[in-house]
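# Per-entry structural report
The primary structure of each chain is shown beneath.
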Amino acid sequence: MPHQVPWLIWLSPMFSFIIISLILRPFFNHHPKLSGYTTIAAIGISCFLSFWVLIEVLKAPGHRLEIPDIQWVVIEDGISIHLGLIVDALTAVMLIVVSVVSLLIQIYSQGYMHGDPGYPRYYAFMSLFTGFMLGLVMADNLVFLFLFWEGVGLCSYLLIGFWFHRPAAANAAKKAFIVTRLGDFGFLAAILFLFYHTGTFDIERLHSLAIAGTLAGTTLTWAALGIFSGAAGKSAQFPLHTWLPDAMEGPTPVSALIHAATMVAAGVFLVARFFPLFEHSKVALTIVAVIGAFTAIFAASMGLVMNDIKRVVAYSTISQLGYMMLGLGVSGVAVGIFHLFNHAFFKALLFLGAGSVNHATGTFDIREMGGLRRVMPWTYITFIIAALSLAGIYPLSGFWSKDEILIYSFKTQPFLFTLALITVFMTAFYIFRVVFVVFGGEYRGTKLAHHSEHKLHESPAVMVIPMVILAFFSAVSGWLNLTGNFGEFLGHGEARGLLEGFFGILGKPLPWLSLIVAGLGIYLAYAMYSTRRISPEAVGRTFVPLYTTLSRKYWFDELYERIFVGKTLVNGLFVGLEAFDTYAVDGSVNGIADKTIATGRALSRVQTGQLQLYGLFIAMGIVAITICFYFFG
Amino acid sequence: MDFPYLTTVIFLPVVAVVIIALLPQPKPKVIKFISALFTLAAFALSLVVFYLFDRSPGAIGQMQFVEKVPWISAINAFYHLGVDGLSLSLVVLTTLLGFLAVLVSWKIELRPREYFIWLLILETSLLGVFCSLDLVLFFLFWEVELVPMYFLISIWGTGRREYSAIKYVVYTLIGSALMLGGILVIYFTTGSLNMLELADLAPMTAVIPFAGIFFLLLFAFAVKLPVIPLHTWLPDAHTDAPTAVSVILAGVLLKMGGYGMIRLCVTIFPNVAVTCAPLLVILAVVNVLYGAAVTLRQKDLKRLIAYSSISHMGYVLLGIFALSQVSLVGATLQMFSHGIITGLLFALVGLVYDKSHERNLDRLGGLARQMPVIAVVFSVGGLAALGLPSTSGFAAEFITFVGCFTSTVVEGIRLYTILGVLGVVITAGYILWMLQRVFYSEPLEKFNGVPDADNVEKLCIFSFVAAIMAIGLYPAILTDVIRLGIMPIIKLIGS
């Protein structure tokens, strides 16, 4: 394989971005479709090359390829930064996830974004994002990685605020950027800290230093926690989770790609990339597991009560990212990344399903939907597959990776296992609540008269086909690890036979436990929202404080935005500083100036115009200088 | 003698001044074309110098393109010019911004002849400061800069322009007076005005302790940079100056402070610099955080950008007095980067104001629909200012942070660096808030029919963007040159 191939994987969408923004948008704006085709072609190339790289990596000894790097900045006796790519098993898996999901979503977007005035801009940003994201998973040193890391954050900002004329979208975009940047502050500090202690930015060198024990103790722990802080910001882990639900203001395919399948998973990827560092710090690894498990249950609980289909799925994403962190924390790269891999497909599909439903009904409020199974059969079936996969129902993909996480956490962290098990129940409940409310019963849409039922329609083929492909992946992607291959590829797996892998798991008690719990969740949703044997309103009335707490999202937005940023900083401390600047600093300067002018008037009487007097002053001055020289010189 | 590159670069704008002054009744268009032509020529020639600059290891610590002619023999003063890696980057910055400032001024209608004369003289004086190797010559150019600034602000400015102009002049003059005192003490102690020799004359005794001379010089540079609490001239002057002057003021004039600190304070008094570094590093962190906090409260778009400069120049101060090889390279790169980024932002603020006649953030909004090109470029400039990777802002700040964090000279520098890094979060806050207030949300009816950038304006702002991206993607363009100038300075600190 030529060395240019991995470079081309991320540069290809970059070229697409440049072509769209410098050529297509200014000169061919009346053919907006061209930008879509350019993006799809570019990402298609990336996708093809990613599979090529995967095959090469599978063949390569130790599952890694050497790619020569490029000198970026060199300062003698100081720093030397080279930009290069790591191509190993982790990279190869992530390349497949990103390029495949991105390609399908770009195809889908042609239908979803049809007729939007910002169509070329949309595709330009999507290309840019895909380029940054593909680079992110390949970068071989911290500086390069950080460049892509911030790059995907930028694209997230631009795409959340895609409909910037809506204040909610503009606010959400800003919030997303600033909250993740708060996490990145820790990441940047960790980069400086690691460089100070090791003198290198190279990720593989850091790995070997951690493995050799040179990088150890509190230094390692702090560095790992700094990296995790960046990861927590990107992956919306508690307490930096508040931006992701608001990010749903962006177009739905953006939510599917950036805020479900890839960018938010970059945090999980980052921890996986630096896993040798985490592995050698028990404290850091435990914190990752605890934050992950807590976020999983915390976010799932808010997902129970949301009425916006995208927000339910968004809380589900935060919760599942928590699962991945838990997986990394209790077991390792293979388990966490396996869930990331499966989640990318079924969660992207859930968002595309939500987009498809929105395309038909013009709303995201599930109370305005209902009965859509009849008019949108494809959306219905694919959504069900994704929901079952998310709920962890055998033998769909979500089952396999979730089960591994549960098994390992049961072995090492029984308390976190309990949290994860409760989350399984909540997950099954909230997603099937959506299924029953949106697709079951009768259509209830009232607000939009022109969206009456006879006009409701299935989405066009360009949207449905990507959903069907994703549904296929959502069903079977988990089977890749039946023989333990996937885990072994990532350095951690037990080989077993295909049939043993597929059926053997049913002979163990733990999978049955999680299946029963998930089944109960689905049944409760069925009883409440399909047969209405249990009235949801009555449940809501019985637990008013709990319901309010959940639907107000534990008041975190108020705490952060109103109390901390608003009252304490911007309208508190900073007002004080501004007043200090205006009245104390500038005021005293002007005060001195006024005094000086007054003194000047007084002293002007000294200027008598008599030359003799001036001569006397000059003489006194010379004497003074001479004395100075005599004593000090 | 070789071709006098530096003299030509420095005085090309003055040639334009002479031509403009001699032309009988020139049309405004002609004046503008002459100004653009000569400043472009100066920029091109400075790029030639940049290209010819010797980057081999043998050139470390050597001044290049040196011109030395006896000038005032009575006091041993020379017309002595030369550039090293440090000054060369700033010369290129000055000629670039000098040309772009002419483009920014393309719509000037009030007394265009005088306006361009002052603008061109300003460019010459700035180039002179960066190229001078003789203290008297340095001081002369330093002072000459005040005259055009005063007239440009007080005649072509807005708001309280006379007040701001006087405030600027008084602040600078107090600084200059103290600097002159410092220069005189140096001269009477050593008998030399050669900036290169002074670095070798460390073991001597002066009338007042070295620390005294150090602070006399430092005060002048601290006013220019500016260092809190000497900064209050800056928001007034920047806000009330005409757009092109704000561009030059933020882009180049502030850098005179940073340049002076490195070239004189640190180079001549390395030991004093090491002793005083902890104090100055703390001031730098205050600059960064306090500047950013006050920026967040600003309601006037131009004033907001002005205050952000204070915060960003804090990184320069931090980099300089962390006193490591990498941190000084970072600080110099940050000066260049801030020059093009803030220059761009002021140019854009000027465009927004010219077209919408509004600078109050509470009354702006939704302009992205009416001026899409300006909105995009403003966003790029803003993202560069908040240090987004792949822009020069990130390259400069990152190298500065790495240099500071690994510095071994200053006690506790790592804590201060981390505090400085925190400034990046606040910067993201005010930049994104500002962009949202100006460009996002529903378009306002009162701005319907407001035009977008025209071709001259596009040429100007796209040039800025190209420079920002080029340095951001491949900072070695500059760092390979800058480090040659920094290495000998670090050797002084080591010894």
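Preceding this paragraph is the structure being described.
The notes below deal with the structure included here. Everything numeric here is computed off the predicted structure, so don't read it as measured data. (Residues numbered from 1 in each chain as written. Chains lettered and ligands numbered in written order. Predicted model: local features only at pLDDT ≥ 70, side-chain atom pairs only at ≥ 80, totals over all residues. Heavy atoms only, no water.)

## Here we look at the overall build of chain B
Helix and strand counts for chain B come out as 20 helices and two strands. For a compact globule of 495 residues, the expected C-alpha radius of gyration is about 23 Å, and chain B comes in at 21 Å, within 12% of that figure. Burial statistics for chain B: of 495 residues in total, 67% are counted as buried. Across chain B, contacts joining residues at least 24 apart in sequence account for 81% of those joining residues at least 6 apart. By element, 68% of the accessible surface of chain B is carried by carbon and sulfur atoms, the whole surface being about 15,300 Å². Across chain B, the 28 positively charged side chains and the 27 negatively charged ones have centroids separated by 6 Å. (Helix = DSSP H or I, 4+ residues; strand = E, 2+ residues; numbered from the N terminus. Rg over C-alpha atoms; globule rule 2.2 N^0.38 Å. Buried < 20%, exposed > 50% of the residue type's maximum accessible area, 1.4 Å probe, protein only. Contact = heavy atoms within 4.5 Å. Areas by Shrake-Rupley, 256 points an atom, 1.4 Å probe, with all protein chains shown as cover. Lys, Arg positive; Asp, Glu negative; His and termini not counted. Charge placed at Lys NZ, Arg CZ, Asp CG, Glu CD.)

## Some words on the environment of Ala292 of chain B
Residues and elements named next belong to chain B. Position of Ala292 relative to the elements: it lies in helix 12 (residues 270-295). With relative accessibility at 0%, the residue Ala292 sits in the buried group. Note: C-alpha distance between Ala292 and Ser309 (17 residues apart in sequence) is 8.9 Å. Non-local contacts of Ala292, meaning those with residues more than four positions away in its chain, are made with Asn287, Ser311, Ile426 and Tyr430.

## Some details on the side chain of Ser12 of chain A
All names here are of chain A. In this fold, Ser12 is placed in helix 1 (residues 4-27). Given the relative accessible area of 8%, Ser12 is considered buried. Among residues more than four places away in sequence, those in contact with Ser12 are Ala42, Ile45 and Ser46.

## With respect to a nonpolar patch on the surface
Residue and element names in this part refer to chain A. On the surface, Leu8, Phe15, Ile18, Ile19, Leu22, Ile23, Phe27, Phe28, Leu34 and Tyr37 cluster together to form a nonpolar patch covering roughly 930 Å² of accessible area. Elements that contribute at least two residues to the nonpolar patch include exactly helix 1 and helix 2 (33-59). Top contributing element to the nonpolar patch by residue count: helix 1, with seven residues. Relative to the assigned elements, Tyr37 resides in helix 2. (Patch = residues over 30% accessible without salt bridge, like charges linked within 9 Å, V, L, I, M, F, W, Y side chains within 5 Å. Salt bridge = Lys/Arg side-chain N within 4 Å of Asp/Glu carboxyl O.)

## Re the interface of chain B and chain A
The interface is formed by 61 residues belonging to chain B together with 50 residues belonging to chain A. Of the roughly 5,100 Å² buried where chain B meets chain A, counting both sides, 72% is carbon and sulfur surface. Counting the contacts that link chain B with chain A gives zero salt bridges. The interface formed by chain B and chain A holds ten residue pairs in polar contact (both at pLDDT 80 or more) in total. Among the elements of the structure, helix 7 (161-190), helix 12, helix 14 (325-356), helix 15 (367-370), helix 17 (392-405), helix 18 (413-439), helix 19 (455-473) and helix 20 (476-494) of chain B are those that each provide at least two residues to the side of chain B that touches chain A. Per element, the largest residue contribution to the side of chain B that touches chain A is 14 residues, and it comes from helix 18 of chain B. Looking at the side of chain B that touches chain A, its residues break down into 40 nonpolar, 13 polar and eight charged. (Buried area = accessible area lost by both parts, 1.4 Å probe. Polar contact = N/O pair within 3.5 Å; in protein donor to acceptor, adjacent residues only side chain to side chain. Nonpolar A, V, L, I, M, F, W, Y, C, P; charged D, E, K, R; others polar.)

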